[in-house]
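One-letter residues, chain by chain:
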Amino acid sequence: MRAKACAVLLVSASLAACAAPSTEKSPSHLAPMTAEKVNRIIRADVIPYSGQAHEEVIGRVSSAFLGTPYKADTLIGGPDTPEVLVADLNNVDCFTLIDYVEALARSHDEKSFLHNLKDVRYIDGKVDYLSRRHFFSDWFATPTPNARDITPTISPDYLVSEKRLNRKADGSEYIQGLGIHPRKINFIPANAITSQVLDQLKTGDYVGVYSPLDGLDVSHVGIVIRKDGDVFFRNASSLVAKRKVVDSPLLEYMRTKPGIVVLRAQ
């Protein structure tokens, strides 16, 4: 679920903050310099490599975000606030990072980026607070999915957790009005992330850090990057010492985490 500090819960970014084309007009907000950055990334990292596999384009696009400052609560919308399609490439949290990367990797200009961002961030491309993909597993378990869950295919040691997403331990909801969503979450425990598992990961795979907390599927998300024979976790870090998009050695990063959920873009 989309979070305030992604390192803790994917929640408050939600509270604040490839489908057929929609004919519905949606309010949008482009932060200063965002249009320029969108066009620069598409010209440099998407169009020249249009013949490459989608996951390789994801890797190239995401490299343009390295060093981008971390900032939570950049989205606009809530139970009492109309939803706005926000594009702010100047600041990202862990979830908006993967939103922008996936949308950019599908695009050929600014207009197509905004259309693709709607499809990535919202179910059926409907710009509405309750249609926002608040949970990481919404990327594969809701209509017009962004990705497929490959977790069970890359490790025989994966586990299944029966979740009631959006339900807190006290029975209340993280996202008011969203309801409770029973969902099976496949994850690979940290102690089962072997060299064989790492070999199955591709640049451009999306990885969530599994959360054992009631009502949540993951606590943080990022992108797999393979380079120089090593596997990295590209993520918008909320840690005080970083507060920006960084590449962390994946195995080292996950060593103390509960496990991982792995998605591959459609």
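Everything below is about the structure shown above.
Keep in mind that what you see is a predicted model, and the values were worked out from it rather than measured.

Peer 1: Honestly, the overall build of the protein chain in this entry has me stumped. Any pointers?
Peer 2: Along the backbone of the protein chain there are nine helices and 11 strands. For 266 residues, the compact-globule estimate of 2.2 N^0.38 gives 18 Å, and the C-alpha radius of gyration of the protein chain, at 17 Å, lies within 12% of that figure. Here the C-alpha coordinates of the protein chain stretch approximately 45 × 45 × 35 Å along the principal axes. Counting over 266 residues, the protein chain shows a buried share of 56%. Of the roughly 11,200 Å² that the protein chain leaves accessible, carbon and sulfur atoms contribute 52%.

Peer 1: How do you make sense of the sheet that holds strand S3 (residues 81-87) when you look at a structure like this?
Peer 2: Strand pairing within a sheet occurs via backbone hydrogen bonds; the two strands may be parallel or antiparallel. The sheet built from three strands is open, its strands ordered S1-S3-S2 with mixed pairing. If you trace the sheet from one side to the other, it starts and ends with strand S1 (28-30) and strand S2 (76-78), each paired once. Along the sheet, successive strands turn relative to each other by an average axial angle of 35°, direction set aside. Helix H5 (residues 110-121) rests against S1 and S3 of the sheet, and its axis sits at about 130° to S3.

Peer 1: In this structure, what is going on with the nonpolar core? I would like to understand it.
Peer 2: If you look at soluble globular proteins, the nonpolar side chains tend to sit buried side by side. Residues Val61, Phe65, Tyr100, Leu104, Phe113, Phe136 and Tyr206 are the most contacted members of the largest nonpolar core, which totals 49 residues. The element that contributes the greatest number of residues to this core is helix H4 (residues 94-105), accounting for nine residues. Listed in part, the 18 residues of the second largest apolar core include Val197, Val207, Leu250 and Tyr253.

Peer 1: Looking at this model, I keep getting lost on unusual backbone geometry. Mind explaining?
Peer 2: Trans peptide bonds make up most of the peptide bonds, and negative phi angles are found at most residues other than glycine. Even without being glycine, Met33 reaches a positive phi, approximately 75°. Tracing the sequence through the fold places Met33 in the loop between S1 and helix H2 (34-46). The backbone phi angle of Arg243 is positive, close to 55°, even though this residue is not glycine. When you line up the elements, Arg243 lands in the loop between strand S9 (230-236) and strand S10 (245-249).

Peer 1: Is there a simple way to explain the side chain of Arg132 in this structure?
Peer 2: Topologically, Arg132 is positioned in the loop between H5 and helix H6 (138-141). For Arg132, a relative accessible area of 1% puts it in the buried group. In this structure the side chain of Arg132 is engaged in a polar contact, spanning 2.9 Å, whose partner is the side chain of Glu83.

The rules behind these values
Residues numbered from 1 in each chain as written. Predicted model: local features only at pLDDT ≥ 70, side-chain atom pairs only at ≥ 80, totals over all residues. Heavy atoms only, no water. Helix = DSSP H or I, 4+ residues; strand = E, 2+ residues; numbered from the N terminus. Rg over C-alpha atoms; globule rule 2.2 N^0.38 Å. Buried < 20%, exposed > 50% of the residue type's maximum accessible area, 1.4 Å probe, protein only. Areas by Shrake-Rupley, 256 points an atom, 1.4 Å probe, with all protein chains shown as cover. Pairing = 2+ DSSP bridges. Axes fitted to C-alpha atoms, helices over the stretch in contact; angles between N-to-C directions. Contact = heavy atoms within 4.5 Å. Core = buried A, V, L, I, M, F, W, Y, C linked by side-chain atoms within 4.5 Å. Polar contact = N/O pair within 3.5 Å; in protein donor to acceptor, adjacent residues only side chain to side chain.

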